[in-house]
Amino acid sequence: MTADLQRLAAALADADDLAALRRLEAALVAADARAFDAHEAAARAEAEVARVVGQVAHDLNNPLAAVSMSLEIARDQVDDSQQLLVSLLERASGSAARMKRMTADLLDHAHEPSAGTTDLQAELEAVLAALEGLLPSEVVVQGTLPTVPGAPGDWRVVLTGLLENAVKFATDGAAPRVVVAAESHDDRSRVTVTDDGRGIPAEDRERVLEPMVRLDKRVPGLGLGLATVRRVVTAHGGEVGVEEGPGGGTTVWLSLPVTSAS
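Residues numbered from 1 in each chain as written. Predicted model: local features only at pLDDT ≥ 70, side-chain atom pairs only at ≥ 80, totals over all residues. Heavy atoms only, no water.

Asks: How would you summarise the overall build of the protein chain if you had to cite specific residues and measurements?
Replies: Each helix and strand in the protein chain was counted, giving 6 helices and 7 strands. With 262 residues in all, the protein chain has 37% of them scored as buried. Look at the contacts in the protein chain between residues 6 or more apart in sequence, and 66% of them connect residues 24 or more apart. Only carbon and sulfur atoms are counted for the fraction: they give 55% of the accessible area of the protein chain, which is about 15300 Å². (Helix = DSSP H or I, 4+ residues; strand = E, 2+ residues; numbered from the N terminus. Buried < 20%, exposed > 50% of the residue type's maximum accessible area, 1.4 Å probe, protein only. Contact = heavy atoms within 4.5 Å. Areas by Shrake-Rupley, 256 points an atom, 1.4 Å probe, with all protein chains shown as cover.)

Written out as structure tokens, the structure is:
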């Protein structure tokens, strides 16, 4: 790109000359082609990463389930008076549970988005019911979420990831407050999930949408939540961004195409 810019500068210095204008046009075409090739290469690389990640998670899932079951059976056979053994088994069970959560995150990220139509409002209600007890006592919903392209399973992954992410980064010692809102603009809808947590520095708001980015190593996880959200949303013609919330905290916004229910 540096060489292209130098050629552009040279051409602009002699813009009245027809040959210079032709060089300028050629430089612009070359720069555009390079940008397109870079975008295509990045898309192929991300798809390959998702494929490998999914295979690894799948290979781990079954033996991990067997380990978890064995630990549960062993715990049932141990008397509570054997405190050291009980403690070791419980710690091992906790580690297995964390690994199961990680493999679930990997499988979500590797999930291939599917065609279909989803009523996001109905899907949000189902997700909130499934996460009852894991989220704040009240998640405020403002407006009616739209019907969008994409299979319900895809959007279940998106909504679950956004809500879990909002709660995960709550301010230490404070009960998190989460607001889900929707506004329609012609043939698109803007859906936001806002929390009142620690927030994300401006310089990191684009980076957190990339795979394996963890800003706070104290928080468990692989750093795939928002990357998975972006992967699914963009596959269905949407856009994703991160900005500061109205009173601090973080707002993750989705700009989504709206469709009619089939």
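Asks: Break down the nonpolar core for me, with residues and values.
Replies: Within the largest apolar cluster, 31 residues are counted, with the highest numbers of intra-cluster contacts made by Val158, Leu162, Leu163, Val233, Leu254 and Leu256. Looking at this core, the elements that each hand over two or more residues are helix H4 (120-130), helix H5 (152-168), strand E4 (178-185), strand E5 (188-195), helix H6 (225-235), strand E6 (239-244) and strand E7 (250-257). Among the elements that make up this core, the one with the highest residue count is H5 (6 residues). Leaving out residues up to four positions away in the same chain, Leu163 has contacts with Leu124, Val127, Leu128, Leu131, Leu135, Val139, Val178 and Val180. (Core = buried A, V, L, I, M, F, W, Y, C linked by side-chain atoms within 4.5 Å.)

Asks: Run through H5, naming residues and quoting values.
Replies: Helical geometry: 3.6 residues make up each α-helical turn, so side chains three or four residues apart lie on a common side. Look at H5: 24 Å from first C-alpha to last across 17 residues, which is about the 24 Å you get at 1.5 Å a residue. Taken as a whole, H5 has its buried residues at Asp154, Trp155, Val157, Val158, Leu159, Gly161, Leu162, Leu163, Asn165 and Ala166. (Expected span 1.5 Å × (residues − 1).)

Asks: Account for the pairing of E5, naming residues and giving values.
Replies: Among the 8 residues of E5, 6 are classified as buried, and the element is accordingly described as predominantly covered. Both E4 and E5 contribute to a ladder of 8 bridges, which runs antiparallel. The residue of E5 that forms the bridge with Glu183 is Arg190. The turn joining E4 and E5, which pair antiparallel and follow one another in sequence, is formed by 2 residues; a positive phi near 55° is taken by Asp186. Of the strand pairs in this sheet, E5 and E7 are connected by 8 bridges, and their pairing is antiparallel. Bridging from a neighbouring strand, Arg188 pairs with Pro257 of E7. (Pairing = 2+ DSSP bridges.)

Asks: Go over the side chain of Thr251 with me, naming the residues and quoting the values.
Replies: In this fold, Thr251 is placed in strand E7. Within the structure, Thr251 has its side chain in polar contact with the side chain of Thr194 (distance 2.7 Å). Beyond its immediate chain neighbours, meaning those up to four positions away, Thr251 contacts Thr192, Val193, Thr194, Gly241, Val242, Glu243, Glu244, Gly245 and Pro246. (Polar contact = N/O pair within 3.5 Å; in protein donor to acceptor, adjacent residues only side chain to side chain.)

Asks: Go over the packing of H4 against H5 with me, naming the residues and quoting the values.
Replies: Close contact between H4 and H5 brings their axes to 10 Å; oriented N to C, the two are set at 55°. Relative to H5, H4 is oriented oblique. In this structure, H4 crosses over H5, and the sense of that crossing is right-handed. Contacts from Leu120, Glu123, Leu124, Val127 and Leu128 of H4 reach H5 at Pro152, Trp155, Arg156, Leu159, Thr160 and Leu163. Its residues assigned to classes, the contact of H4 with H5 shows 8 nonpolar, 1 polar and 2 charged. (Axes fitted to C-alpha atoms, helices over the stretch in contact; angles between N-to-C directions. Parallel < 35°, antiparallel > 145°, perpendicular 65-115°, else oblique. Left-handed = near helix turned anticlockwise from the far one by under 90°. Nonpolar A, V, L, I, M, F, W, Y, C, P; charged D, E, K, R; others polar.)

Asks: Give a detailed account of unusual backbone geometry, specifying residues and quantitative values.
Replies: Here the phi dihedral of Asp186 falls at roughly 55°; this positive angle occurs in a residue that is not glycine. Topologically, Asp186 is positioned in the loop between E4 and E5.

Asks: How would you sum up the environment of Leu120? Please name residues and give values.
Replies: Summarising the element assignment, Leu120 is placed in helix H4. On the basis of relative accessible area, Leu120 is assigned to the buried category, the value being 1%. Taking the C-alpha atoms as reference points, Leu120 and Pro152, separated by 32 residues in sequence, lie 8.2 Å from one another. Once residues within four sequence positions are removed from consideration, Leu120 is found in contact with Leu145, Pro146, Val148, Trp155, Leu159 and Leu256.

Asks: Run through a nonpolar patch on the surface, naming residues and quoting values.
Replies: Taken together, Leu84, Leu85 and Leu88 make up a surface patch of nonpolar side chains, about 290 Å² in accessible area. Checked against the element boundaries, Leu85 lands in helix H3 (residues 83-110). (Patch = residues over 30% accessible without salt bridge, like charges linked within 9 Å, V, L, I, M, F, W, Y side chains within 5 Å. Salt bridge = Lys/Arg side-chain N within 4 Å of Asp/Glu carboxyl O.)

Asks: Tell me about the pattern of salt bridges, residues and numbers included.
Replies: On inspection of all chains with the given rule, the structure shows 4 salt bridges. The closest approach of N and O atoms between Glu243 and Arg190, which form a salt bridge, is 2.9 Å. Residue Glu243 is found in strand E6, and its partner Arg190 is found in strand E5; the two are separated by 53 residues along the sequence. The exposure class assigned to Glu243 is partly exposed, which follows from its relative accessible area of 32%. With a shortest N-O distance of 3.3 Å, Arg230 and Glu206 are connected by a salt bridge. Remark: Glu206 occurs in the loop between E5 and H6 and Arg230 occurs in helix H6; sequence separation between them is 24 residues. Using a relative accessible area of 49% as the deciding quantity, one classes Glu206 as partly exposed.

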